[in-house]
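Residues per chain are reported as follows:
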Amino acid sequence: MKSLRVSDVKQKYRGKNYDVIVVGAGHAGCEAALAAARMGNKTLILTINLDMVAFMPCNPSVGGPAKGTVVREVDALGGEMGRNIDKTYIQMRMLNTGKGPAVQALRAQADKHAYHAEMKHTLENEPNLTLRQAIVDSLIVEDGLCKGVVTNTGAKYFAKAVVIAAGTAARGKIIIGELMYASGPNNSQPAEKLSGNLEELGFDLERFKTGTPPRVDGTTIDYSKAEEQPGDATPHHFSFESSDKNYLSVKDQLSCWLTYTNETTHKIIRENLDRAPMFTGVIEGVGPRYCPSIEDKIVRFADKSRHQLFLEPEGRKTEEWYVDGLSTSMPEEVQQKMLHTVAGLENAEMMRPGYAIEYDVVAPYQLKPTLETKIVRNLFTAGQTNGTSGYEEAAGQGIIAGINAGRRALGKGPFVLKRNEAYIGVMIDDLVTKGTKEPYRLLTSRAEYRLLLRTDNADMRLTEKGHELGLISDDRYAKFLDKKRAIDSEIQRLNQIRIKPSDAVNQFVEAHGDKPLKDGVLASVFLRRPYVNYQTLLQFIAAPDAPLDRHVVEQVEIQTKYAGYIAKAEASVEKMKRMEAKRIPDRIDYQAIDGIATEARQKLQKIHPETLAQASRISGVNPADIAILSVYIQQGKIAKLKKSV
Amino acid sequence: MVLTTTEFDTIAAISTPPGEGGISIVRISGEEALDVAKKIYRGKSLDKVASNTINYGHIIDPSTGQEIDEVMLSVMRAPHTYTKEDIIEINCHGGIVATNRILQLVISNGARMAEPGEFTKRAFLNGRIDLSQSEAVMDLIEAKTDRSMKAAINQLDGNLSHLIKHLRKDILDVLAQVEVNIDYPEYDDVETMTSKLLREKATDVHKRIVQLLQTAKQGKILRDGLATSIIGRPNVGKSSLLNHLLHEDKAIVTDVPGTTRDVLEEYANVQGVPLKLVDTAGIRDTTDKVEKIGVDRSRKAIASADLILLVLNASEELTDEDRQLIKATNGKQRIVVLNKTDLPIKLKLNEIKQLTHADHIISTSAIKSDGLKELEKLISKMFFDEGISSSQNDVMVTNARHIGLLNQAKQALEDVIKGLDTGMPVDLVQIDMTRCWDLLGEITGDSYQDELIDQLFSQFCLGK
Ligand SMILES: Cc1cc2nc3c(=O)[nH]c(=O)nc-3n(C[C@H](O)[C@H](O)[C@H](O)COP(=O)(O)OP(=O)(O)OC[C@H]3O[C@@H](n4cnc5c(N)ncnc54)[C@H](O)[C@@H]3O)c2cc1C
Ligand SMILES: Nc1nc2c(ncn2[C@@H]2O[C@H](COP(=O)(O)OP(=O)(O)O)[C@@H](O)[C@H]2O)c(=O)[nH]1
């Protein structure tokens, strides 16, 4: 029996009916709600505090390797993150420009407050969408079907599908030194009840941990002691829809600043390790290896005499600065001391201390690739709730959960992105197939086909799908088709033009230390030479009828220069696709299959992969197990589990 | 980056039924069967030949242009084949050595070594065989499960495994560094993996793999055969055993020993293991008994052999000469063959066991063909499962699969270097480096992508 607390409402009332309800207006929830609404569903989004819609509790930045590509993928599917950051960035930089096209990455510093306000405004103006402040306490579930939610104020809302995107609020706990209290991010109210309800419904929850550095007052920073990192002059955007003419000049962007910790900083940390919750055992949650706290770094990499710190502005109308690299949950006074040892921060005033936060996570093996839960039908989960970390990861899942919840409400089939189609596909497949033992972050090395999953071609990969889903306007789709045609026809043209071994060509070739041409060579083949780019090529061949847009030129260059590698990657995708096509029947009883190794059997039983390809990616499932499984499926003698009720 | 899509690989194996000397067949099945064959076949254009025809031609090594064998090659096009895939069968005449060489060529040109029963499994999966037959397939695969578990570890000689793990570790360091440069571009305290550095590393690993391939004992064995010596007193049945192993009546067995044949080495295919039988003339040449069949004469044969078949006559008591031979072969890979078990047995098994430290002992009757299958099985088991350890080298690759993988790994490294030559960026070229790492991992059985991510976070200090 559950006892009611005094604060619980006794009186419940029935609110309106919706097609889709989204719980949480963070980065995942916003995308989910917008996607569902734009597909024509009457959608309700509930969140604890309306002043924290699309709030950035940590780094005031969007993008970076893999993550930036996800933003573009979300954009190609008609999502909001790309447009929103293009409207509110204060600095834009393309990273990895010295490397190949597969790994170039766009990163923006966000005006955190503007980012929030802009997104909130977009939600408010979305015709099918209602935004409301409320804490969801429990779900309405009957016969294994999710039918709605109940809020702390007693409202019962019914819907055909529900998406939970609760972020770090679920039984959140903030830890600063010896201090520990229940809280969502940034001292917001935590969601105390929803996790308990999920447990009652049979979900396996895990406890994760993350942290954030202190913020300092920019008027007290001595910038002369740090190294300036300005934004890029060449225009970049996340969204296909943004145009170059709106791009901010370098002087209109804000710079970041680079400085370092030093031995004195490390000494202070070492002397206070006995007060660090990371080491005193106060923190139980599992933290991410890729965002270690500074105390963690100093213990694990004891031989390093300094660590990089980036000072990042949090917005145009604030003097708060984010100290990237100094994530910590040390006591407040120690944090202040640490800061003062850093060059440029000697007199810095700390405005907010860094902290660690612990929260509940739905172990993601309990999800299907659509992000619907396996135990409760019509219930979807997305974002940090699924064990990921990062705004982009959240947005990527949010849009997929929103699309699938929306399609469910419309009576349509599932929508899944594959590993060769998008980083979003890689991430979701990793989550539902392998689960995660720490907050999951996307890395380019997680993608086996990263040459195909480039930042520059996210629109080429996904706009078609976005349009089919009804999330990309006809107008934008037409523009996309124009771009595609322009690329194809130019590539074709280059495959037909021959460059003759003229004096001009040979002079150019020899100037680059190459042997002069003897015979003519195709323009496309000539373009593959490392010292040739599209512009130099135009010195030797006729220009196309109309000058090409720079995005078209970029595609022509990449698709020509790296054709060999792209073809190789596509060949291995073809193989994988055939494994993906081999579907494993629902509810197969793995106990009934002889010959599968015990570990593999347990994993298969737990994860219930949908295809042989997915099964083969589960660690502990060996090729021999897959062989047996495929023979077994082929036999058609499938022992099925009884349908659970 | 785990290579999981083995289901649709083009596969190959030697498919000569054991016991059929002379001609053996290399069979290739899969979508790329024709492409693979085209790369190594010189003769009529295979694209043009009709299905189910047999074509005369030559197999050549495309990397050297060297002619390997004169062959008959049949092309069978999908779906009217056993596996319902394209099948190529190469009928080789040049004996076990040439056949093995052809198999290796096939593997380094795009096919993969078939697992036991894999042709049948495909036939089944492609709907060629019916359900009742499929049970047998299941058994085959299950047998494989057991075996592959052990095999992944046991087929590997400890030294080789050690070497490969070392190579992989070095490659992993390179990969992790490239990845870190990509995923954490803002961190300036990590050394940048430049083209120059990558080329150095790739060249170094390439050199080591080439060495490995050269010194690989098994490579030598598959090329040259497993040096095997049949040792024993006159008249214990050596020639008779030899004949059985050769599966033809090459040697003439008479009651009067002394038929001479001018052959120094002969080859036998014992369940896939190529045996090079050394000093067969010595077995047969008994003109000067005292000198040639004595222990001294055997010494040389013993020293150069990887495997000794020591034959004793079970129908007689142990002689001093037998004892001497046992002593001389102690410490070698040895099978003690107790022959003539059709006659009343006088040999004391316990004594033999004691003297030989309980080696592999097997009872046969050459005349009644008893125990010979068991002998063959034992040889194959020792070779594949236990890995007959080598006398000449300290590294040994145990089968054609490993050699094939090493060759592919070598190829991947050559692609790395080629990519760098044409000015490709490090992160692209790295795709081939990763492939090399995966291929080597298939040898040791630990291709596992998360290794890389673990390495990233333990090697570098990253994060906000
Ligand atoms: C302290 C801290 C440090 C972080 N550090 C990093 C980092 O270093 N790197 C990184 O990549 N990411 C970091 N993150 C994570 C990043 O902020 C999140 O991954 C991202 O915001 C997740 O988006 P989301 O939509 O899943 O959740 P959130 O953005 O957290 O949004 C969840 C929303 O749901 C609402 N909500 C929750 N429960 C309920 C309920 N029951 N009823 C109604 N509304 C509810 C919340 O109020 C909130 O608005 C950090 C987060 C925090 C808090
Ligand atoms: N009874 C019996 N006789 C055998 C057996 N093996 C070989 N012999 C006979 O023993 C004699 C010598 O055999 P041979 O193979 O020439 O012996 P080698 O001198 O050791 O090569 C021949 O007469 C064979 O027929 C056996 O298993 N049983």
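Residues numbered from 1 in each chain as written. Chains lettered and ligands numbered in written order. Predicted model: local features only at pLDDT ≥ 70, side-chain atom pairs only at ≥ 80, totals over all residues. Heavy atoms only, no water.

An unreviewed UniProt entry lists chain B under the name tRNA modification GTPase MnmE, with Lentilactobacillus farraginis DSM 18382 = JCM 14108 as the source organism. The UniProt entry for chain B carries the following text under Subcellular location (unreviewed entry): "Cytoplasm". Chain B has a UniProt comment under Sequence similarities (unreviewed entry) that states "Belongs to the TRAFAC class TrmE-Era-EngA-EngB-Septin-like GTPase superfamily. TrmE GTPase family." (UniProt positions renumbered as here; feature names shortened; annotations may be inferred.)

For chain A, the name recorded in an unreviewed UniProt entry is tRNA uridine 5-carboxymethylaminomethyl modification enzyme MnmG, with Lentilactobacillus farraginis DSM 18382 = JCM 14108 as its organism. Of the comments in the UniProt record for chain A, the one headed Cofactor (unreviewed entry) reads "FAD". Heading Subunit (unreviewed entry) of the UniProt record for chain A holds this comment: "Homodimer. Heterotetramer of two MnmE and two MnmG subunits."

Novice: Explain the sheet that holds strand β6 (residues 87-92) of chain B here, please?
Specialist: Think of a sheet as strands paired side by side through backbone hydrogen bonds, with each pair either parallel or antiparallel. Residue and element names in this part refer to chain B. Within the open sheet, the seven strands sit side by side as β3-β4-β5-β6-β2-β1-β7. Their pairing is mixed. Two strands in the sheet have a free side with no partner beyond their single neighbour: β3 (41-43) and β7 (112-113). Where strand β5 (residues 66-76) and β6 come together, six bridges link them in antiparallel fashion. Opposite S74, over in β6, you have E89 as the bridge partner. This element, helix α1 (residues 33-40), spans β2 (24-29), β3, β4 (53-61), β5 and β6 of the sheet and lies at about 70 degrees to β3. (Pairing = 2+ DSSP bridges. Helix = DSSP H or I, 4+ residues; strand = E, 2+ residues; numbered from the N terminus. Contact = heavy atoms within 4.5 Å. Axes fitted to C-alpha atoms, helices over the stretch in contact; angles between N-to-C directions.)

Novice: How should I be thinking about helix α11 (residues 423-434) of chain A in this particular structure?
Specialist: Residues three or four positions apart in an α-helix share a direction because the helix packs 3.6 residues into each turn. Residue and element names in this part refer to chain A. With 12 residues, α11 should cover 16 Å at 1.5 Å per step; its first-to-last C-alpha distance of 16 Å lies within 8% of that length. Of all 12 residues in α11, 11 are buried, a share of seventy percent or more. Residues Y423, I424, G425, V426, M427, I428, D429, D430, L431, V432 and T433 constitute the buried set of α11. Close packing links the buried residues of α11 with α2 (67-76), α10 (391-409), α12 (458-468), α19 (598-607) and α20 (612-616). Count one or two residues on from α11 and you reach G435, which has phi positive near 70 degrees. (Expected span 1.5 Å × (residues − 1). Buried < 20%, exposed > 50% of the residue type's maximum accessible area, 1.4 Å probe, protein only.)

Novice: Whenever I open this one, the sheet that holds strand β1 (residues 13-17) of chain A confuses me. Can you help?
Specialist: All names here are of chain A. Spatially, the four strands line up as an open sheet ordered β1-β10-β9-β8, and their pairing is mixed. Looking at which strands have only one partner, the edges of the open sheet turn out to be β1 and β8 (136-142). Neighbour to neighbour, the strand axes of the sheet diverge by 30 degrees on average, direction disregarded. Alignment of β1 against strand β10 (residues 155-158), held across three bridges, turns out to be parallel. Note that in β10 the partner of R14 across the bridge is K156.

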